[in-house]
Amino acid sequence: MKLKHALAVVATSSVVLASCGTQSSSNDKVLDIELPLKTTSIAPYETDVPVEAGAMESLFKVTDKGNVEPFLVKSYEQVTPQQLDMTIKDDVTFQNGERLTGEKVKQSLEYALKHSDLVKATLPIQSIQADGQKVTIKTSEPYPELASELASPFAAIFDAKAKDNIDSKPVGTGPYQIKDYKRSQKIELSRFDDYWQGRPKLDGVNVTYQEDGETRVSHLKSGKADLITNVPVTSVDQLKKDTKTEVSSVPGYRTQMIVYNQDSDKMSKDVREALDLIIDRESIAKEISKGHARPATGPFNDTLDFVEHQSVPKQDIAKAKQLIESLGYTKDKPLKIQLATYEGRPELPKIAQVIQSDAKKAHIDIEIRNVDDIEGYLADRSQWDATMYSFGTIPRGDAGYFFNQAYHPDGAVNKGDYHNQNVTKMIEQLNKTVDRKERERLSNEIVREAAKDTPNSYITYNDTIDGLNRNVSNFKATPEGIYLIDYKVEIKDAD
């Protein structure tokens, strides 16, 4: 699988006032959500915000245990490594009253494939056939993780034939329909009364954006927001102590790491191994993440059932120093490297500073460069040696997603240009493997093989932390951090 565009960016979501909306009044129960990132489009194939806000839904969905299950799909079968057969549920309608059929699914996926390089890269679809509620998808190559990728919010289903502009007013099947959208500012959604799982509890949802974490916390405490995501770990205790707010957190699928630039002459295997030995994962999880993270043993959160148990790598500065000295570096002539970081994940610069301090003990002089556009900066590998990075390594229950993005030579998140022929062959074998147990065995084998190269240093598995008003009920944080609003979330009357 070739991924040419980075999967990252969250956007804005607001769309169509279909026929079933509820006009707001001072007595309406409207949930105000504040998100950290904004974009200029709310087309489902451009951003995950429509799914977060409850406007859009995908064919499959990831459970709290990391498994992929059918959602808009009634039943399915991976007939061959290149063919997936699905039967779409009969009782689902779009927010404009149109019935969800196999043909509508076909139109949605084909439109997304035509208009999104990201979707085209993650879904190597050769053909789609629809007959009533039945859909057959054939891929251009063996791709048994297709169902997993169809759980992506970027593959959410919309009415491609709706009269409104899909970039600003997409029509989905979710419990809330987009009523108004102000680009990069605000999305207003109203209740979709004919939602297929039952009448939604809220009258509407408003989505606004605030990049600064502490400001989001302040807005939650003041009542300006009812729900915020990405709560800074330094603010968790104050939200728990406040009588009007609370915190919902869960071990997440996001891994904090250092990515090493394989094109840099300085970043030899010994140097990468030395830097890995310098990291005190236990201390970072406790002191910087305030206990809202676990020390990492590899790319995937080891609470997942399929991940082989490994002990947490211990800090060993003496061994790191020995490796660096064997390369000819000394206290007076240290190895000088540039480490990039960014504020989008506020704990990353702090982790970088801790590593910088410890690295000096092993004759490594780290210059930290805090950049605004981390993706743009990393695209030019001539200007950095290593970078802090945060990545949702297993958002849809299958390890193939990470391997194809981060370890494959053509991967979108292979920022350091890592390539190992054996690892690449194993990934391509995984891409052809249908049996789940065999996929899990291969996944662990790939982790072990890549670990010999130290392409990245995996530091912590971070919790997903959301903050909410105590009057908000039936909400809980999810590991992947995507499913925010469903039809059950409501605002209770104040006591």
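Computed from a predicted model, the values in this text were never measured in an experiment.

Focus on the overall build of the protein
Within the protein, the secondary structure is distributed over 14 helices and 19 strands. For the protein, whose C-alpha radius of gyration is 23 Å, the value lies close to the compact-globule estimate of 23 Å for 495 residues. Seen along its three principal axes, the alpha-carbon backbone of the protein occupies a region of about 75 × 55 × 35 Å. If you take every contact in the protein between residues at least 6 apart in sequence, the share linking residues at least 24 apart comes to 72%. For the protein, the exposed surface amounts to about 20,900 Å²; the carbon and sulfur share of it is 43%. Across the protein, 65 positive and 77 negative side-chain charges occur, with their mean positions spaced 1 Å apart.

Quick word on the pairing of strand 6 (residues 125-131)
With six bridges connecting them, strand 6 and strand 7 (residues 134-139) associate as antiparallel partners. Bridge assignment links Asp 131 to a residue of strand 7, and that residue is Lys 134. Between strand 6 and the antiparallel strand that follows it, strand 7, lie two residues; Gly 132 among them carries a positive phi value of about 65 degrees.

Side note on the pattern of salt bridges
Inspection of the entire model under this criterion finds 26 salt bridges. As a salt-bridge pair, Arg 439 and Glu 145 come within 3.7 Å of each other at their nearest N and O atoms. Placement of Arg 439 in helix 14 (residues 436-451) and of Glu 145 in the loop between strand 7 and helix 4 (146-149) is noted, with a sequence separation of 294 residues between them. Taken as a pair, Arg 439 and Glu 145 share a single burial class, namely buried.

Quick look at the confidence of the model for the protein
Residues of the protein with pLDDT of at least 70 account for 94%, and the chain-wide mean is 90. Low pLDDT, under 50, characterises residues 1-26; the stretch is placed with 110 contacts to residues that sit more than four places away or in other chains.

Some points on the packing of aromatic side chains
Counted under the stated rule, the structure contains 17 aromatic pairs. Plain terms: the ring middles of Phe 71 and Trp 196 are 5.4 Å apart, the flat faces sit at 70 degrees to each other, and that makes the pair edge-to-face. A residue pair is termed long-range when its members are at least 10 positions apart, and Phe 71 in the loop between strand 3 (68-70) and strand 4 (73-80) and Trp 196 in the loop between strand 9 (186-191) and strand 10 (204-209) qualify at 125 residues. Exposure class is identical for Phe 71 and Trp 196. Each is buried. Relative to Phe 158, the ring of Tyr 111 has its centre 5.8 Å away and its plane inclined at 85 degrees; by these criteria the two rings are edge-to-face. On the criterion of sequence distance, the pair formed by Tyr 111 in helix 2 (residues 102-115) and Phe 158 in the loop between helix 4 and strand 8 (176-182) is long-range, its members being 47 residues apart. Put simply, the rings of Phe 300, Phe 306, Phe 391, Tyr 401, Phe 402, Phe 403, Tyr 407, Tyr 418 and Tyr 458 touch in pairs and so form one group of aromatic residues.

Describing the nonpolar core
One finds Leu 59 and Leu 150 to be the most contacted residues of the largest nonpolar core, which totals 71 residues. Among the elements that line this core, the one with the most residues is helix 2, at four residues.

Looking at the packing of helix 7 (residues 269-278) against helix 9 (residues 317-326)
Packing of helix 7 against helix 9 leaves a shortest axis separation of 8 Å and a crossing angle of 160 degrees. The orientation of helix 7 with respect to helix 9, classified from their angle, is roughly antiparallel. Remark: the crossing between helix 7 and helix 9 carries left-handed chirality. Contact residues: Asp 270, Val 271, Glu 273, Ala 274, Leu 277 and Ile 278 in helix 7; Ile 317, Lys 319, Ala 320, Leu 323 and Ile 324 in helix 9. Here the contact of helix 7 with helix 9 is composed, by residue class, of eight nonpolar, no polar and three charged.

Quick look at helix 8 (residues 281-288)
For an α-helix, 3.6 residues make a turn, and residues three or four places apart therefore share a direction. All buried positions along helix 8 are accounted for by Arg 281, Ile 284, Ala 285 and Ile 288. Within helix 8, the buried residues cover an arc of 110 degrees as seen down the axis, which keeps them to one side. Next to the buried residues of helix 8 lie helix 7, strand 13 (293-295), helix 10 (347-359) and strand 17 (456-469). Looking one or two places after helix 8, you find Lys 290, whose phi comes out positive at around 55 degrees.

Structural notes on helix 7
Where burial is concerned, most of helix 7 is hidden: seven out of the 10 residues are buried. Along helix 7, the residues that are buried comprise Val 271, Arg 272, Ala 274, Leu 275, Asp 276, Leu 277 and Ile 278.

Side note on the environment of Pro 295
Positionally, Pro 295 belongs in strand 13. For the pair formed by Pro 295 and Gln 133, sequence separation is 162 residues and the distance between their alpha carbons is 46 Å. Filtering out sequence-adjacent residues up to four positions away, Pro 295 remains in contact with Arg 281, Glu 282, Ala 285, Val 312, Ile 459, Thr 460 and Tyr 461.

Section: the sheet that holds strand 7
Hydrogen bonding along the main chain pairs the strands of a sheet, whether they run parallel or antiparallel. The sheet built from four strands is open, its strands ordered 4-5-7-6 with antiparallel pairing. The open sheet has two free edges, formed respectively by strand 4 and strand 6, since each of these has just one partner strand. Within the sheet, the average angular offset between the axes of one strand and its neighbour, ignoring direction, is 15 degrees. Sheet topology places strand 5 (residues 83-88) next to strand 7; five bridges connect them, and they run antiparallel. Residue pairing across strands places Asp 85 opposite Thr 136, the latter belonging to strand 7.

Definitions and cut-offs
- Residues numbered from 1 in each chain as written.
- Predicted model: local features only at pLDDT ≥ 70, side-chain atom pairs only at ≥ 80, totals over all residues.
- Heavy atoms only, no water.
- Helix = DSSP H or I, 4+ residues; strand = E, 2+ residues; numbered from the N terminus.
- Rg over C-alpha atoms; globule rule 2.2 N^0.38 Å.
- Contact = heavy atoms within 4.5 Å.
- Areas by Shrake-Rupley, 256 points an atom, 1.4 Å probe, with all protein chains shown as cover.
- Lys, Arg positive; Asp, Glu negative; His and termini not counted.
- Charge placed at Lys NZ, Arg CZ, Asp CG, Glu CD.
- Pairing = 2+ DSSP bridges.
- Salt bridge = Lys/Arg side-chain N within 4 Å of Asp/Glu carboxyl O.
- Buried < 20%, exposed > 50% of the residue type's maximum accessible area, 1.4 Å probe, protein only.
- pLDDT = per-residue confidence, 0-100.
- Phe/Tyr/Trp six-rings, centres within 6.5 Å; stacked < 30°, edge-to-face > 60°.
- Core = buried A, V, L, I, M, F, W, Y, C linked by side-chain atoms within 4.5 Å.
- Axes fitted to C-alpha atoms, helices over the stretch in contact; angles between N-to-C directions.
- Parallel < 35°, antiparallel > 145°, perpendicular 65-115°, else oblique.
- Left-handed = near helix turned anticlockwise from the far one by under 90°.
- Nonpolar A, V, L, I, M, F, W, Y, C, P; charged D, E, K, R; others polar.
- Arc of directions from axis to C-beta.

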